[in-house]
Amino acid sequence: MKNHILIVEDEEKLAKFIKLELEYEDYKVTVVHDGLSGLATARESNPHLILLDWMLPGISGVEICRRLRQTGDKVPVIMLTAKDEVSDRVAGLDAGADDYLIKPFSIEELLARVRANLRRNQEEEDATVLQFADLTLNRSTREVYRNNRSIELTAKEFDLLEYLISHPRQVLTRDQILERVWGYDFMGDSNIIEVYVRYLRLKLESDRESRLIKTVRGVGYVLKE
C-alpha cells in the first residue's frame, strides 16, 4: 500500500510542484489550499504524513497541528514556512510538529525529511503492535485479536497479557508478574494471578484455539506455542 501524504499549502504552484515530485516517488498525494479544508481532510483521510504550511487562509498550520494533537492524532507533521526565527520554530514544535523546513528548500531535502519521518513513524508503530503466533496486541489502542477475532479484555487482563506477550517463550515467575502487573505493594490474594490467567484462557480459547499461556508448575507462566 502506498504511503498517503497530505499537502496543505496555499501557494498553488509550490503545492503542484511538490505533489508531482512525491507522486514520482510513488506516494499517494492529496492537496488542499486552506486551513479548514486541511484540518477536515486530515481527520477524514488519515494520511501517513502531512506537509503543512504555517500561514494559511482560515486557520494557521500551527493551529491545525495543535487541534490534531489535542484529539490524539499522531500523524507525522512537517511544517513548511518562511519563518526562520528560533521562536517560530519552537512554537511549531510545541504545537506538535515533528519536523520543520524553511522556505525556500531543496526538493531533495524535503524528500529526505519525508522518508525519515515515515520511517520513524513506522518503527514506532511496530513497537506498539506486539504479535505472537496468531495473537496480536496493540498497546496504543488496547485492542487484542486472535485469528482476526476481536477479544474484549478488562484493563488488568490486558496488562497481564501485555506483560506475557512482551516476553515470549520466557518463563515469568509469580513474583515478577505480581510486581509488574499489580505493583510491588500489592497486598491482595496471592491467587489473583491464577484467576486472571483463567479469565484470559477462556477468552483467548473461546473459539477452540490452542493454548498459548502455559503453566510452569512451581514457577509461573510462559507464553509459547
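Residues numbered from 1 in each chain as written. Predicted model: local features only at pLDDT ≥ 70, side-chain atom pairs only at ≥ 80, totals over all residues. Heavy atoms only, no water.

Trainee: Any chance you could break down the packing of aromatic side chains for me, citing the residues and the numbers?
Mentor: The full count for this structure, using the stated rule, is 3 aromatic pairs. With 5.4 Å between their ring centres and 75 degrees between their planes, Tyr196 and Tyr199 make a pair best called edge-to-face. Taken together, the residues Tyr196 and Tyr199, both in helix α8 (residues 192-204) and 3 residues apart, mark about one turn of the helix. You can call Tyr196 buried: its relative accessible area is 18%. One aromatic cluster in this structure is built from Trp182, Tyr196 and Tyr199. (Phe/Tyr/Trp six-rings, centres within 6.5 Å; stacked < 30°, edge-to-face > 60°. Helix = DSSP H or I, 4+ residues; strand = E, 2+ residues; numbered from the N terminus. Buried < 20%, exposed > 50% of the residue type's maximum accessible area, 1.4 Å probe, protein only.)

Trainee: Kindly report on the sheet that holds strand β10 (residues 172-173), identifying the contributing residues and their values.
Mentor: A sheet is described by the order of its strands in space; here 3 strands give the open sequence β10-β12-β11, paired in antiparallel fashion. The two strands at the open ends of the sheet, each matched to only one other strand, are β10 and β11 (213-216). Where β11 meets strand β12 (residues 220-223), 4 bridges bridge the pair, whose relative direction is antiparallel. For Val216, the partnering residue across the bridge sits in β12 and is Gly220. Packed on one face of the sheet, α8 meets β11 and β12 and runs near 150 degrees to β11. (Pairing = 2+ DSSP bridges. Contact = heavy atoms within 4.5 Å. Axes fitted to C-alpha atoms, helices over the stretch in contact; angles between N-to-C directions.)

Trainee: Could you give an account of the pairing of strand β1 (residues 4-8), naming the residues involved and the relevant values?
Mentor: Of all 5 residues in β1, 5 are buried, a share of seventy percent or more. Burial along β1 is two-sided: the face carrying His4, Leu6 and Val8 and the face carrying Ile5 and Ile7 are both buried. Pairing of β1 with strand β2 (residues 28-32), which is carried by 5 bridges, proceeds in the parallel orientation. Counterpart to Val8 in the pairing with β2 is Val32. For the crossover from β1 across helix α1 (residues 12-24) to β2, the handedness is right-handed. One ladder, built from 4 bridges, connects β1 with strand β3 (residues 49-53); its direction is parallel. What sits directly across from Val8, in β3, is Leu52. (Right-handed = clockwise from strand over helix to strand, strands pointing away.)

Trainee: With reference to specific residues and values, describe the packing of α1 against helix α5 (residues 107-128).
Mentor: Where α1 contacts α5, the two axes come as close as 11 Å, and the packing angle between them is 60 degrees. What the angle tells us is that α1 and α5 run oblique. In terms of crossing hand, the pair formed by α1 and α5 is right-handed. Taken together, the residues of α5 that come into contact with α1 (itself represented by Phe17, Ile18, Glu21 and Leu22) are Ile107, Leu110, Leu111 and Val114. Its residues assigned to classes, the contact of α1 with α5 shows 7 nonpolar, no polar and 1 charged. (Parallel < 35°, antiparallel > 145°, perpendicular 65-115°, else oblique. Left-handed = near helix turned anticlockwise from the far one by under 90°. Nonpolar A, V, L, I, M, F, W, Y, C, P; charged D, E, K, R; others polar.)

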